[in-house]
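Below, each chain spelled out in residue letters.
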Amino acid sequence: MSHKLDQLLDELKKDLSGVTQKEKVLDIKSKYLGKKGPIADIMSGLKNASLEEKKEIGSKVNIVKDQIQDLITHKLSEIESSEINETLKTSQIDITYRDYVKQTDTMHAGFHPLSAIKREIEDIFVSMGFEVLDGPHIEEEFYNFDALNIPPSHPARDMQDTFWFHDKDSTEEKKRLLRTHTSCVQVRGMLKRKPPFRFIVPGKVFRAEKIDASHEAVFHQVEGMLVDKNISVANLIYFMKVALREIFKKDVEVRLRPGFFPFVEPGFELDVKCLICGGKGCSVCKQSGWLELLPCGMIHPNVLKAGKIDPEIWNGFAFGMGLDRLVMMRFGIDDIRNIHGADLRFINQFKSY
Ligand code: PHE
């Protein structure tokens, strides 16, 4: 009997060798351990045996049964791990994918309102023939002030509280600062092109401001510059009105006031009727009903000269839009601090942009 059982184990090992499918292993399992298999056969043959024999053979059969079971289990796990290895070899599975899909149920992939509006403005001006330029945030005093007709002792420097650098790269001859406006790119842009040209410069600017509902130390402007022949204030007003109508998707009420900026002459402040309160007065428009949105003017001849352009032949206009205010009016946001705060409850309201 013992010999028969040993034979059985040898046969099983032979049967299992080379098998690569789980189904086949399960077939083999039932062949050996099933109701009509050899083990069941031996057990039923014990019916007429003596008690002694039953005990002895019964326990041997049980041991062999366990060994068969072990061989089968081992074979199954062998097949399983080789299947996994095979899959890993042939397919590229992103094991983070499932998690990612789960997360997107609550996350969104829209644009921040500021980026959304910036892109819209870029599209609008590109459609009017403008280039989109960029410039450094860490700027030289020359581009931020001197070249814009603001010499060192000029009181206009006090209008913009400047963050100055005091490191080794910022020398007395070449003082460096965080740009206080995007106007410095006017000069960089002029020096790199020949008129006629027109470009905008969307970007971050920095001022040591006291922060409140309508002031941030870091905010955004969209500078604009157009240089051509015989440009007049009427051209400036036309471009501004078209752009604002496109941005707000409706005709907005505007007013022009004289404004002083050393780099434009004449200079203006273009105000928009406050879209938050409709002109009644609120914290954003400081109860005036109007929002200072767009300083602008005709480019000062000294600025053209700094850009190596002959003011006897060429002239043009420049403007500097406050992008954050524009976003606030467009979306009815009453506190500029929301725009920069990374509060998802705020940002998630702009999913569709
Ligand atoms: N650079 C000015 C500012 O930041 C705005 C401006 C730009 C005014 C262009 C006139 C023309 O205040």
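None of the values given here were measured: they were computed from a predicted structure.

Here T182 lies in the loop between β3 (176-178) and α8 (184-191). What T182 contacts, discounting residues up to four positions off in sequence, is V201, G203, V205, Q221, V222 and E223.

Taken together, 15 residues surround the ligand, and among them H181, S183, R207, Q221 and E223 come closest. A distance of 2.9 Å separates a nitrogen atom of the ligand from a polar atom in the side chain of H181. The separation between an oxygen atom of the ligand and a polar side-chain atom of R207 is 2.8 Å. Elements supplying a minimum of two residues to the shell around the ligand: β5 (218-228), β8 (290-299) and β9 (315-322). Per-element tally for the shell around the ligand: the top contributor is β9, with three residues. Here the residues of the shell around the ligand are counted per class, giving seven nonpolar, six polar and two charged.

The domain boundaries assigned to the chain delineate domain 1 (2-90) and domain 2 (113-350). Each of domain 1 and domain 2 has a C-alpha centre, and the two are 83 Å apart.

Right, let's talk about the nonpolar core for a bit. Ranked by size, the top nonpolar core spans 48 residues in total, and within it I121, F125, L294, F317, F319 and M321 carry the most contacts. Among residues more than four places away in sequence, those in contact with F317 are G224, M225, L226, I231, N235, L236, F239, M240, G297, M298 and I299. Grouped together as the second largest cluster of nonpolar side chains are 27 residues, I150, F263, V264 and L304 included.

Among the eight residues in β9, seven count as buried, and that is most of the element. Two elements, β5 and β9, share eight bridges in a ladder whose sense is antiparallel. Bridge assignment links D228 to a residue of β9, and that residue is N315. Both β8 and β9 contribute to a ladder of three bridges, which runs antiparallel. Looking at the pairing, M298 lines up with F317 of β9.

Scoring rules and cut-offs
Residues numbered from 1 in each chain as written. Predicted model: local features only at pLDDT ≥ 70, side-chain atom pairs only at ≥ 80, totals over all residues. Heavy atoms only, no water. Helix = DSSP H or I, 4+ residues; strand = E, 2+ residues; numbered from the N terminus. Contact = heavy atoms within 4.5 Å. Near = heavy atom within 4 Å. Polar contact = N/O pair within 3.5 Å; in protein donor to acceptor, adjacent residues only side chain to side chain. Nonpolar A, V, L, I, M, F, W, Y, C, P; charged D, E, K, R; others polar. Domains from an automatic or database assignment. Core = buried A, V, L, I, M, F, W, Y, C linked by side-chain atoms within 4.5 Å. Buried < 20%, exposed > 50% of the residue type's maximum accessible area, 1.4 Å probe, protein only. Pairing = 2+ DSSP bridges.

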